[in-house]
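Okay, here's what each chain looks like letter by letter:
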Amino acid sequence: MRYDRNGFPIPPQFEVELGNLVAADPKSLSTGKPSAQTARVGSRKRAFLLLIIAAGLLPAIVIPQALPIIRAAVVEWSLDRADLCEAQNDLAGAIMDINRALDWHGDEQNLLCRLAMLRLEDRDAASALLDANRAAVIAPMATAPLRVRALVHVVLDNANAALIDAGKVVELAARGDPDALNHRAYIRALVGRDLPAALDDINAAIVAGDADSAELLDTRGFILHLMGRHRDAIDELNRAIDAMQRFRRQLGLLADRLQPVELARRVRLLDHGLAVMFHHRALACTAIGLKEQAQQDFEVAKRRGFDPSRGIF
């Protein structure tokens, strides 16, 4: 047993630790200060502890601030990609990009309606119906989900549901809204129901809206054909096609002011509209025996994308 200078015994374990410390730095006992080695170890421990604290705090501080910016960037990038895919007729790619935008943004009626229309064009009417239903649930007073869903019901051969949605569109829209009236008139025409009422709707829409609107003239021409007034129908459809082609030429004049992708998307939509109008005129021409003109119109309609199974009718 060893004793300190005051005569107290030194425990064996303490003696070992003391000996190690003296061996490391004999002056540390006499000065009462920590050795350089001990100080360096302490500094490293403090630095390491600060890094751990920072690693824990930075995500908690930075990520909540950065997440909205990241989310907006991913959504914008996804929508830009969807535009490009749609312009290139890559429907699967556009659907994937819209889904990514929804994953980051959350359900939003306009995105869901766009997704539903893309799925419909991709011949996936069942999924399009689910998307339209989601949009209608989150925006029960909006007309866009109902308009889209009515078209989906037409493709699914569910006339009653299509007419119900078209009626709701008119109820929710402003009184005499030409777009809502045109939509109900066209849905009635597509399912072959209530044709006199459909004609009343489209006539009211033309009075309240633009008398030279290609879309309104096309609807009236189609309804007149279904009612057996084929020559009147051809006159209306000629006006509709002329108006749409004129608008397409005007769009070409604005090409240098539009981004190429946006221009391609607009041209694609116009071509689909023209495809429907040419098909309607072909039907009316067939009904009065204008076989050559009808055949030519059918070919143009097919080339421009007319396809009822894809919602282009």
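Throughout what follows, the structure given in this document is the object of discussion. (Residues numbered from 1 in each chain as written. Predicted model: local features only at pLDDT ≥ 70, side-chain atom pairs only at ≥ 80, totals over all residues. Heavy atoms only, no water.)

**Looking at the overall build of the protein**
- Counting its secondary structure elements, the protein contains 14 helices and 2 strands.
- Looking at the protein as a whole, 39% of its 313 residues are labelled buried.
- Considering only contacts within the protein whose residues lie at least 6 apart along the sequence, 54% involve residues at least 24 apart. (Helix = DSSP H or I, 4+ residues; strand = E, 2+ residues; numbered from the N terminus. Buried < 20%, exposed > 50% of the residue type's maximum accessible area, 1.4 Å probe, protein only. Contact = heavy atoms within 4.5 Å.)

**Side note on the packing of helix α9 (residues 178–191) against helix α11 (residues 214–226)**
- Look at α9 against α11: their axes get within 10 Å of each other, and the N-to-C directions meet at 30 degrees. When the interaxial angle is binned, α9 and α11 end up roughly parallel. In this structure, α9 meets α11 at a crossing whose hand is left-handed. Contacts from Pro178, Asn182, Ala185, Tyr186, Ala189 and Leu190 in α9 reach Glu215, Leu216, Asp218, Thr219, Phe222, Ile223 and Leu226 in α11.
- Its residues assigned to classes, the contact of α9 with α11 comprises 9 nonpolar, 2 polar and 2 charged. (Axes fitted to C-alpha atoms, helices over the stretch in contact; angles between N-to-C directions. Parallel < 35°, antiparallel > 145°, perpendicular 65-115°, else oblique. Left-handed = near helix turned anticlockwise from the far one by under 90°. Nonpolar A, V, L, I, M, F, W, Y, C, P; charged D, E, K, R; others polar.)

**So, the side chain of Arg265**
- Structurally, the position occupied by Arg265 is in helix α13 (residues 260–287).
- Since its relative accessible area comes to 16%, Arg265 is described here as buried.
- Those residues in contact with Arg265, other than ones at most four positions away along the chain, are Asp83, Glu86, Ala87 and Arg114.

**Description of helix α10 (residues 195–208)**
- In this model α10 runs 20 Å from its N-terminal to its C-terminal C-alpha over 14 residues, within 8% of the 20 Å that 1.5 Å per residue would give.
- Every buried residue of α10 is accounted for by Leu195, Ala198, Leu199, Asp201, Ile202, Ala205 and Ile206. Taken end-on, α10 shows its buried residues confined to a sector of 160 degrees, consistent with a single buried face. Of the residues in α10, the exposed ones pointing more than 90 degrees away from the buried face are Pro196, Asp200 and Val207.
- The elements touched by buried residues of α10 are α9 and α11. (Expected span 1.5 Å × (residues − 1). Arc of directions from axis to C-beta.)

**Brief notes about helix α14 (residues 291–304)**
- Taking 1.5 Å of rise per residue, the 14 residues of α14 would be expected to cover 20 Å, and the 20 Å separating its terminal C-alpha atoms lies within 8% of that figure.
- Here α14 has its buried residues at Ala294, Asp297, Val300 and Ala301. Seen end-on, α14 carries its buried residues on one side only, within an arc spanning 130 degrees. Residues of α14 that are exposed and angled more than 90 degrees away from the buried face: Lys291, Glu292, Lys302 and Arg303.
- Tucked inside the fold, the buried residues of α14 contact α13.
- Looking one or two places after α14, you find Gly305, whose phi comes out positive at around 115 degrees.

In short, geometric facts, not functional conclusions.
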